[in-house]
Number of protein chains: 2
Amino acid sequence: MADKQTLSYEQTGVSIDANDEMVGRISRSLKSTHGPRAIGLENGFAGLFRLDYDEKLFKKNYRHPVLVACTDGVGTKILIAQQAGRFGTLGIDLVAMSVNDMIVQGAEPLFFLDYLAINKLEPAKIAEMVESIAAGCRMADCALIGGETAEMPDIYGRDEYDLAGFAVGVVERDRIITGKDVRPGDVVLGLASSGIHSNGYSLVRHICFKKEKLAIDATFKELGDATMGEVLLEPTRIYVRPVIRLLGGYKRKKVVHAMAHITGGGLVGNIPRVLPSDCDAVLKPSSWKTPPIFDFLQRRGPVDKAEMYRVFNMGIGFVLVVAEDFADAIQDKLTRYGETVYRIGSVVSGTGKVLLK
Amino acid sequence: MADKQTLSYEQTGVSIDANDEMVGRISRSLKSTHGPRAIGLENGFAGLFRLDYDEKLFKKNYRHPVLVACTDGVGTKILIAQQAGRFGTLGIDLVAMSVNDMIVQGAEPLFFLDYLAINKLEPAKIAEMVESIAAGCRMADCALIGGETAEMPDIYGRDEYDLAGFAVGVVERDRIITGKDVRPGDVVLGLASSGIHSNGYSLVRHICFKKEKLAIDATFKELGDATMGEVLLEPTRIYVRPVIRLLGGYKRKKVVHAMAHITGGGLVGNIPRVLPSDCDAVLKPSSWKTPPIFDFLQRRGPVDKAEMYRVFNMGIGFVLVVAEDFADAIQDKLTRYGETVYRIGSVVSGTGKVLLK
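The next thing to look at is the overall build of chain A. Each helix and strand counted, chain A has twelve helices and twelve strands in total. Counting only residues that meet the buried cut, chain A has 62% of its 357 residues in that class. The long-range fraction of contacts in chain A, counting pairs at least 24 apart against all pairs at least 6 apart in sequence, stands at 84%. Carbon together with sulfur atoms contributes 48% to the accessible area of chain A, which is approximately 13700 Å² in total.

In this section: the sheet that holds strand β1 (residues 38–39) of chain A. Here six strands make up an open sheet; going across it, the order is β1(A)-β2(A)-β3(B)-β6(B)-β4(B)-β5(B) and the pairing mixed. Each edge of the open sheet carries a strand with a single partner, namely β1 of chain A together with β5 (143–151) of chain B. Two elements, strand β2 (residues 47–50) of chain A and strand β3 (residues 65–73) of chain B, share four bridges in a ladder whose sense is antiparallel. Looking at the pairing, Gly47(A) lines up with Ala69(B) of β3(B).

Residue and element names in this part refer to chain A. Per the domain assignment, the segments making up chain A are domain 1 (14–175) and domain 2 (187–356). Computed over C-alpha atoms, the centres of domain 1 and domain 2 are 24 Å apart. Interface area, domain 1 with domain 2, both sides summed: about 2700 Å², of which 63% is carbon and sulfur. One can count two salt bridges joining domain 1 with domain 2. Notably, a salt bridge pairs Asp141 with Arg241, separated by 2.8 Å at the nearest N-O pair. The tally of links from domain 1 across to domain 2 stands at 17 residue pairs in polar contact (both at pLDDT 80 or more). Contributions of two or more residues to the side of domain 1 that touches domain 2 are made by α3 (77–84), α4 (90–103), β4 (108–118) and α5 (123–139).

Residues and elements named next belong to chain B. The six strands lie next to each other as β8-β10-β7-β11-β9-β12, forming an open sheet whose pairing is mixed. The open sheet has two edge strands with one neighbour each: β8 (256–261) and β12 (354–356). Averaged over all adjacent pairs, the angle separating strand axes in this sheet is 25°, with direction ignored. Relative to β12, strand β9 (residues 279–283) runs parallel, the two being bridged by three bridges. For Ala281, the partnering residue across the bridge sits in β12 and is Val354. On the sheet, helix α8 (residues 240–248) packs against β8 and β10 (316–322) and is oriented at approximately 170° with respect to β8. Sheet strands touched by helix α12 (residues 327–336): β7 (187–192), β8, β10 and β11 (341–349). Its angle to β11, the strand with the most contacts, is close to 150°.

The next point concerns the packing of aromatic side chains. Residues and elements named next belong to chain A. With the rule as written, the count across this model stands at twelve aromatic pairs over all chains. Where Tyr250 meets Phe326, the ring centres are 5.9 Å apart and the plane angle is 90°; that geometry is what we call edge-to-face. One end of the pair, Tyr250, is in the loop between α8 (240–248) and β8 (256–261); the other, Phe326, is in the loop between β10 (316–322) and α12 (327–336), and 76 residues separate them in sequence. Classification of Tyr250 by relative accessible area gives buried; the value is 8%. With a relative accessible area of 23%, Phe326 lands in the partly exposed category. The aromatic ring of Tyr250 is capped on one face by Lys333, whose charged end is 4.4 Å from the ring centroid.

Another aspect to go through is the environment of Ile118(A). Its location among the elements puts Ile118(A) in strand β4. In this structure, the C-alpha to C-alpha distance between Ile118(A) and Arg158(A), residues 40 residues apart in sequence, is 8.8 Å.

The next subject is the pairing of strand β3 (residues 65–73) of chain A. In summary, the side chains of a regular strand alternate between the two faces of the sheet. Most of β3(A) sits inside the fold, with nine of its nine residues counted as buried. Along β3(A), one buried face is formed by Pro65(A), Leu67(A), Ala69(A), Thr71(A) and Gly73(A) and the opposite face, lined by Val66(A), Val68(A), Cys70(A) and Asp72(A), is buried too.

Our next topic: helix α6 (residues 201–211) of chain B. Each α-helix turn comprises 3.6 residues. Residues three or four places apart therefore point the same way. Residue and element names in this part refer to chain B. In terms of burial, α6 is a largely internal element, eight of the eleven residues being buried. Within the sequence span of α6, burial applies to Tyr201, Ser202, Leu203, Val204, Arg205, Ile207, Cys208 and Phe209. Those residues of α6 that are buried are in contact with α3 (77–84), α7 (228–233), α10 (292–300) and α11 (305–311).

Our next topic: α5(A). Residues and elements named next belong to chain A. Taking 1.5 Å of rise per residue, 17 residues should cover 24 Å, and α5 covers 24 Å from first to last C-alpha, within 8% of that figure. The buried fraction of α5 amounts to twelve of the 17 residues, a majority that puts the element mostly inside the structure. Residues of α5 that are buried: Pro123, Lys125, Ile126, Ala127, Met129, Val130, Ser132, Ile133, Ala134, Ala135, Gly136 and Cys137. One or two steps after α5, the chain reaches Asp141, where phi turns positive at roughly 50°.

With that settled, the discussion passes to the pattern of salt bridges. Residue and element names in this part refer to chain A. Inspection of every chain in the model, using the stated rule, returns 36 salt bridges over all chains. Ionic pairing is found between Arg63 and Glu172, a salt bridge with its closest N-O pair at 3.9 Å. Placement of Arg63 in the loop between α2 (56–61) and β3 and of Glu172 in strand β6 (residues 161–172) is noted, with a sequence separation of 109 residues between them. On the basis of relative accessible area, Arg63 is assigned to the partly exposed category, the value being 47%.

A word on the environment of Gly265(A). All names here are of chain A. Along the polypeptide, Gly265 turns up in the loop between β8 and α9 (266–270). With relative accessibility at 13%, the residue Gly265 sits in the buried group. Setting aside its immediate chain neighbours within four residues, Gly265 contacts Asn270, Tyr309, Arg310 and Val311.

This part covers the pairing of β8(A). Residue and element names in this part refer to chain A. Across the six residues that make up β8, a large majority, six, are buried. When β8 meets β10, the two strands line up antiparallel, connected through five bridges. Residue pairing in the sheet places Val256 in a bridge with Val322 of β10.

All names here are of chain A. Two elements in contact, α3 and helix α6 (residues 201–211), have axes separated by 8 Å at closest approach and are oriented at 40°. If you check the angle between α3 and α6, you find them oblique. Two secondary-structure elements touch here, α3 through Lys77, Leu79, Ile80 and Gln83 and α6 through Tyr201, Arg205 and Phe209. Classifying every residue of the contact of α3 with α6 by side-chain character gives four nonpolar, one polar and two charged.

Residue and element names in this part refer to chain A. In this model, chain A carries an average pLDDT of 89, and 90% of its residues clear a pLDDT of 70 or more. Predicted confidence for residues 1–5 stays below pLDDT 50, and this span has ten contacts to residues more than four positions away or in other chains. What the predictor reports for the complex is a pTM of 0.89 with an ipTM of 0.86.

What counts and how
Residues numbered from 1 in each chain as written. Chains lettered and ligands numbered in written order. Predicted model: local features only at pLDDT ≥ 70, side-chain atom pairs only at ≥ 80, totals over all residues. Heavy atoms only, no water. Helix = DSSP H or I, 4+ residues; strand = E, 2+ residues; numbered from the N terminus. Buried < 20%, exposed > 50% of the residue type's maximum accessible area, 1.4 Å probe, protein only. Contact = heavy atoms within 4.5 Å. Areas by Shrake-Rupley, 256 points an atom, 1.4 Å probe, with all protein chains shown as cover. Pairing = 2+ DSSP bridges. Domains from an automatic or database assignment. Buried area = accessible area lost by both parts, 1.4 Å probe. Salt bridge = Lys/Arg side-chain N within 4 Å of Asp/Glu carboxyl O. Polar contact = N/O pair within 3.5 Å; in protein donor to acceptor, adjacent residues only side chain to side chain. Axes fitted to C-alpha atoms, helices over the stretch in contact; angles between N-to-C directions. Phe/Tyr/Trp six-rings, centres within 6.5 Å; stacked < 30°, edge-to-face > 60°. Lys NZ or Arg CZ within 6 Å of the ring centre and 35° of its normal. Expected span 1.5 Å × (residues − 1). Parallel < 35°, antiparallel > 145°, perpendicular 65-115°, else oblique. Nonpolar A, V, L, I, M, F, W, Y, C, P; charged D, E, K, R; others polar. pLDDT = per-residue confidence, 0-100.

Structure follows, in structure tokens:
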């Protein structure tokens with residue numbers, strides 16, 4: 001549209017046409033996550049999601065619905081994906097970080113939006129990323145109803161980008177789980193993580209690539225057949241289905257007293273967020289299996305053991321604090337739903353801390 | 001916690017304690033935006049917002065509520081703020097970008113979350129940014145119920161950061177405005193922008209700083225007393241109150257047939273998103289006052305006139321396509337609500353385009 005002598009937006013590095021091309025590809029990924037409640041609008045300015053407000057099932061489940069919203073990014077795990085040239089799983093991490101936070105409150109995810117900021121729109125790469133976000137949304141039973149892709153060559157360097165995600169869910173007001181019912185004697189159950197998940201990657205990168213200068217495709221006997229890149233990019237486990245199914249089985253009894261998503265800060269940083277100030281959680285690390293990548297990182301750092309527990313999940317990605325009488329039944333159910341469940345500790349009188357014994 | 005010989009997370013550039021300090025300051029800004037529907041949870045994993053589902057007013061207003069969600073960033077306007085060292089207004093831009101998109105559908109904003117990714121946590125700077133987000137939320141009558149601040153020194157260079165925002169609102173299902181009722185004869189009303197708003201800044205920076213090498217604190221007669229930095233950082237106008245108030249006055253009649261938030265792509269790119277494929281909008285640029293900054297940029301580029309209309313709002317930040325018989329009344333109302341309203345054109349039979357006459 002612009003003359004040769006005049007400046008156009010494309011000359012400054014931002015391509016409006018490449019953006020248009022991509023929108024079509026992204027729209028197919030979005031649709032793969034849509035149930036009957038997502039409302040499609042061609043070229044819409046916003047994503048729309050119908051509450052089942054006027055239907056019997058919604059009225060039965062929600063007398064006083066509360067909306068729950070979370071946002072998170074995937075941190076510098078992005079840089080590992082970049083280094084490995086693999087963009088097909090980061091979207092699962094992105095969804096996991098928000099929806100695992102949301103279910104802590106007892107809420108079921110409804111929908112998700114993403115924000116992707118990037119140096120240059122490369123339609124194939126972006127379509128791969130968005131498809132992985134859609135894959136995460138399908139795993140979490142939530143609809144991907146929108147997103148923004150921003151091309152910002154002056155903020156993001158060549159091949160650089162960042163991802164943020166936003167999830168909205170719903171919970172019945174008097175079923176919100178806050179931790180206020182936690183009491184001495186409660187049992188702490190831990191759900192196995194799939195690996196490092198999405199926190200601690202600045203330290204991971206420092207150890208593996210700055211200090212040890214490992215190759216991204218190196219393999220190590222103690223880590224099995226997978227390459228370094230594969231181990232480090234293992235997607236964050238999404239705990240939505242087992243947790244929502246478990247809560248659905250206890251509609252009247254309040255047997256799950258608190259939950260915590262184990263992110264930055266580890267078990268010692270995240271469990272106190274839901275402990276009453278007069279309770280401690282005593283955890284026994286020998287009661288669960290720590291994936292070999294954590295020993296690997298600790299030795300090569302070397303990293304102090306206490307610091308390891310302050311930065312990483314150490315093998316437990318999600319924690320439930322449950323009434324003692326129901327602990328066995330809950331452990332059985334979660335195991336049947338496909339989780340690896342450990343009885344990792346219990347609650348005692350205290351001051352709101354986590355003690356590792 | 002770590003020994004001197006071992007690696008701690010802080011040594012890799014990520015400070016967990018600085019994060020804790022800031023959380024307290026941010027929480028005060030959040031609370032300043034909370035009405036009775038926001039539910040505070042100390043250290044919560046998520047933000048909670050109660051629907052007035054069980055109250056008479058909500059039942060009267062929403063028989064079939066649809067949730068509407070938007071996400072956006074502020075683009076490279078961030079770099080101007082950085083250059084000027086002013087972080088107290090970008091949050092208004094961030095809120096504006098999402099809520100102005102949301103009201104296009106006829107939805108009223110309920111709540112907002114932000115994602116802030118940064119090189120290094122500087123509590124004072126971040127508190128200033130979050131307070132400006134809270135200010136934007138107060139202007140848009142929505143609650144800031146959560147956010148994420150991610151310190152990522154390996155993605156964001158010294159003093160670099162990015163901001164993304166996410167808004168959720170609600171609209172009655174049969175009051176969703178889609179543009180399907182637009183017809184020849186409809187009048188196009190334009191609401192004045194406050195300046196460049198939050199799009200086109202890659203081109204702005206190219207012209208002002210790369211090519212012309214202007215100082216950020218330079219002043220120019222044609223731009224009045226304000227410095228370059230002040231003119232370029234003028235916050236995006238938030239159109240929520242006048243538009244929601246206008247729609248509230250026409251609960252039965254459908255007189256507002258379509259709306260558009262004028263962002264990247266300008267009037268010619270955004271109005272077609274809500275035009276039926278058999279209508280054109282004919283706009284008369286001489287009918288409104290274009291702020292002097294646009295002439296300034298066009299001359300100094302130089303930038304082709306058509307390209308200017310493809311990149312910038314050119315003085316019109318929000319457009320309403322309304323029934324001809326109600327155009328005068330709507331213009332009067334919006335003027336009374338504090339907007340500068342121009343009758344900028346009309347709808348004719350066509351093929352879904354915008355024509356500038």
